Structures are given as C-alpha cells and as structure tokens.
Amino acid sequence: MATPDALLWSTALRGECQEGTSEPPMPYLIRRLRDTLRTRLGGPSDADVVGAPGSIQLRNVTAGYGGPPVFVGFNLHINPGEFVYLVGPSGAGKSTLIRLLYGTVRAQDGWVLVDGIAVHRLQSWQMDTVRRRVGCVFQAYELLPHLTALENVLLPLQLAHPRMLNARSLAAEALELVGLKAKMHELPGTLSGGQQQRVAVARAIAHQPRVLLADEPTGNVDSRASAEIMELFAQLNEMGSTVVMATHDEFVLSTYPARVVPLQQQPDVLDVAS
C-alpha cells in the first residue's frame, strides 16, 4: 500500500476547476461573448455552472433506457467531501445513477448537478467538461485491449487535459498507488480480472478528481485488494474528494462505514438498471 505522501499530485487541476469564480463583473455583451466561446470549445457557460464545487444534486430526476423509467422524481443531495455508498438489489438503479452523474445516461426530466456543472444541460460534445472534473471506475473496466496499462491510464488523462506537461508521471504514480508498478507495460489481456480493475481505478484517480464515482470497484478483487482500493478511496476522500460508490460488498460496508443511500427497484424495470 502506498504512503499518503504518494498522493501529493499536482494541484494545478483544481485551479482549472475554479476558473471564472474570482473574475470581476463584466458587461452583459462581454459575458455573452465569453460564454459563446466557451461553449464552442466544449466548456460550460455561466448558466450551466451551479451548486457548490464537489457537491452532487439531483432534483426531481426521471431517467431510464426507453422503457419503464428507472427513476421517477428522484432527489439526492451529497455535500462536498462526503463518502456515500449506493446500495440496493439488482435492478434498483445503482449503475444507472453512476451513469447519470457521469453523463453517459441523460435525464429525461429534472436536474443533475455534479461539481458545479449542470450535466443535464450539456450536449454530447460537451461531456469532456465532466471528464475533466470527475473520475469514474466502471464495473466492466472498459480498458482498451491494444494499449498497455500505462497507456490506458495516460490516454484519457491527455485527452481531458491536453496542456498537462506531467501526464505520464501522474499516470505512472497512479498505477504505483494501486500496486501495479511492475505491470504498467502489460496489455490488459495478460492481467487478471483484479489487476484490470486496479488499472481502472488508477485511470479514475490519476488526475485527483474532485468527485470520484465507482461502480462496484471491489466486485472482482479479493479481500486484500478490496482493502487497498478502499484505503486509497479513503485517502482521496480525506484530501477533499467527494466519493460515490455503488456496492453490495458487505465486507466494505462493515469495515469502511459511511453514509448509505438505499435504492429500491421500480416495478417493471429490467436488470440493466442495476
């Protein structure tokens, strides 16, 4: 397990997330021009930036996959710096809620606010705004098979932060933190399921996100690896990151107690909503 000192990554990214918060008042036309330029570059306008940094708010959200909705009139508030578990039976919407927060599932109605961004207002080509601020550990890993572990962590980091000069060192540090220093040049196909999961964790934390989402991150690893992942999440949380984790792992829930948000399955909803 890495020491907390290894978590002292560059804090320049946090400055990016707060761009515009200390600007002096501007005339209306200048503000409109700035917002238009930001929108064309894929960034949010002032009208899209709401809520406290690091907070999560869902207001009267209805969402699903085209059939019966998974959520109807759903509300949730998570304060900056909270650690929250999403729990519930298969089909209750744990994965769907993670996808809503990350912008890969769109709300049919209501507001989805993550780290000051109105995710429900963003177009598909604007989703890099979310990727720059939010880390996500996917249940199915979603690693590119032709890239090494290091390249799988590095590529999204470079795409989200093209001006970052130390991206490779941050990616390597993240892999070292999850215990894969010796495997960083291996392809995913040569790694075990637990090792692939740890690559996915490294990819999500490499840019020290202000909000970290995790969908069953301990589901395919042994108890020792689960403990290492949870210790890492706890350290990120202590440094100020908001952590939202979907899980049914009783070991995790009992060993690392935190706020629990229980989800219940809606009638006639398929298990795709799990």
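Look a little higher up for the structure.
Residues numbered from 1 in each chain as written. Predicted model: local features only at pLDDT ≥ 70, side-chain atom pairs only at ≥ 80, totals over all residues. Heavy atoms only, no water.

**Some remarks on the pattern of salt bridges**
Counted under the stated rule, the structure contains four salt bridges. With a shortest N-O distance of 3.9 Å, Glu-228 and Arg-198 are connected by a salt bridge. Of this pair, Glu-228 sits in helix 8 (residues 223-238) while Arg-198 sits in helix 7 (residues 193-205), and the two are 30 residues apart along the sequence. What makes Glu-228 partly exposed here is its relative accessible area of 22%. Classification of Arg-198 as buried rests on a relative accessible area of 16%. Each of Arg-198, Arg-224 and Glu-228 takes part in a single network of salt bridges with overlapping partners. (Salt bridge = Lys/Arg side-chain N within 4 Å of Asp/Glu carboxyl O. Helix = DSSP H or I, 4+ residues; strand = E, 2+ residues; numbered from the N terminus. Buried < 20%, exposed > 50% of the residue type's maximum accessible area, 1.4 Å probe, protein only.)

**Describing unusual backbone geometry**
The phi dihedral of Asp-115 is positive, around 50°, even though this residue is not glycine. Here Asp-115 is to be found in the loop between strand 4 (109-114) and strand 5 (117-118). Judged by relative accessible area, Asp-115 falls into the buried class, the value being 1%. The phi torsion at Glu-216 lies on the positive side, around 50°, for a residue other than glycine. With respect to the secondary-structure elements, Glu-216 resides in the loop between strand 7 (211-215) and helix 8.

**Some details on the environment of Ile-205**
If you trace the backbone, Ile-205 turns up in helix 7. Given a relative accessible area of 0%, Ile-205 falls into the buried group. Sequence-wise, Ile-205 and Phe-233 are 28 residues apart; in three dimensions their C-alpha atoms are separated by 8.9 Å.

**Details of the packing of helix 5 (residues 149-160) against helix 7**
Two quantities define a packed helix pair, namely the angle between the helix axes and the distance between the axes. It is the contact of helix 5 with helix 7, at a shortest axis distance of 9 Å, that shows an interaxial angle of 30°. By the angle class used here, helix 5 and helix 7 are roughly parallel. For helix 5 against helix 7, the interelement crossing comes out right-handed. Residues Ala-149, Asn-152, Val-153 and Pro-156 of helix 5 form the contact with helix 7, whose participating residues are Val-199, Ala-202 and Arg-203. Of the residues belonging to the contact of helix 5 with helix 7, the class tally is five nonpolar, one polar and one charged. (Axes fitted to C-alpha atoms, helices over the stretch in contact; angles between N-to-C directions. Parallel < 35°, antiparallel > 145°, perpendicular 65-115°, else oblique. Left-handed = near helix turned anticlockwise from the far one by under 90°. Contact = heavy atoms within 4.5 Å. Nonpolar A, V, L, I, M, F, W, Y, C, P; charged D, E, K, R; others polar.)

**Thoughts on the sheet that holds strand 8 (residues 242-246)**
If you trace the five strands from one edge of the open sheet to the other, you get 6-7-8-3-9, paired in parallel fashion. Pairing within the sheet leaves two strands with one partner each, and these edge strands are strand 6 (134-137) and strand 9 (259-262). Adjacent strand axes in the sheet meet at a mean angle of 15° when their direction is disregarded. Taken together, the five bridges between strand 7 and strand 8 define a ladder with parallel strand orientation. Residue pairing across strands places Leu-213 opposite Val-244, the latter belonging to strand 8. Relative to the sheet, helix 3 (residues 94-102) contacts strand 3 (83-87), strand 6, strand 7 and strand 8, its axis offset from that of strand 7 by approximately 150°. Taken strand by strand, helix 7 contacts strand 6 and strand 7, and its axis lies near 175° from that of strand 6. (Pairing = 2+ DSSP bridges.)

**Considering the pairing of strand 4**
Bridging between strand 1 (residues 56-63) and strand 4 involves five bridges; their strand directions are antiparallel. The residue of strand 4 that forms the bridge with Arg-59 is Trp-111. Sheet topology places strand 4 next to strand 5; two bridges connect them, and they run antiparallel. Within the sheet, the bridge partner assigned to Leu-113 lies in strand 5 and is Ala-118. Between the antiparallel neighbours strand 4 and strand 5 lie two residues, among them Asp-115 with a positive phi of about 50°.

**Examining helix 8**
In a regular helix each residue adds 1.5 Å, so 16 residues correspond to 22 Å; helix 8 covers 22 Å between its end C-alpha atoms and thus fits that length. Looking at helix 8, one finds that the buried residues are Ala-225, Ser-226, Ile-229, Met-230, Leu-232, Phe-233, Gln-235, Leu-236 and Asn-237. Count one or two residues on from helix 8 and you reach Gly-240, which has phi positive near 115°. (Expected span 1.5 Å × (residues − 1).)

**Structural notes on the side chain of Gln-126**
By the secondary structure assignment, Gln-126 is in the loop between strand 5 and helix 4 (128-133). Here Gln-123 takes part through its backbone nitrogen, which lies 2.8 Å from a polar atom of the side chain of Gln-126. (Polar contact = N/O pair within 3.5 Å; in protein donor to acceptor, adjacent residues only side chain to side chain.)

**Overview of the side chain of Asn-237**
Tracing the chain through its elements places Asn-237 in helix 8. Excluding residues within four positions of it along the chain, Asn-237 makes contact with Gly-81, Glu-82, Phe-83 and Val-243.

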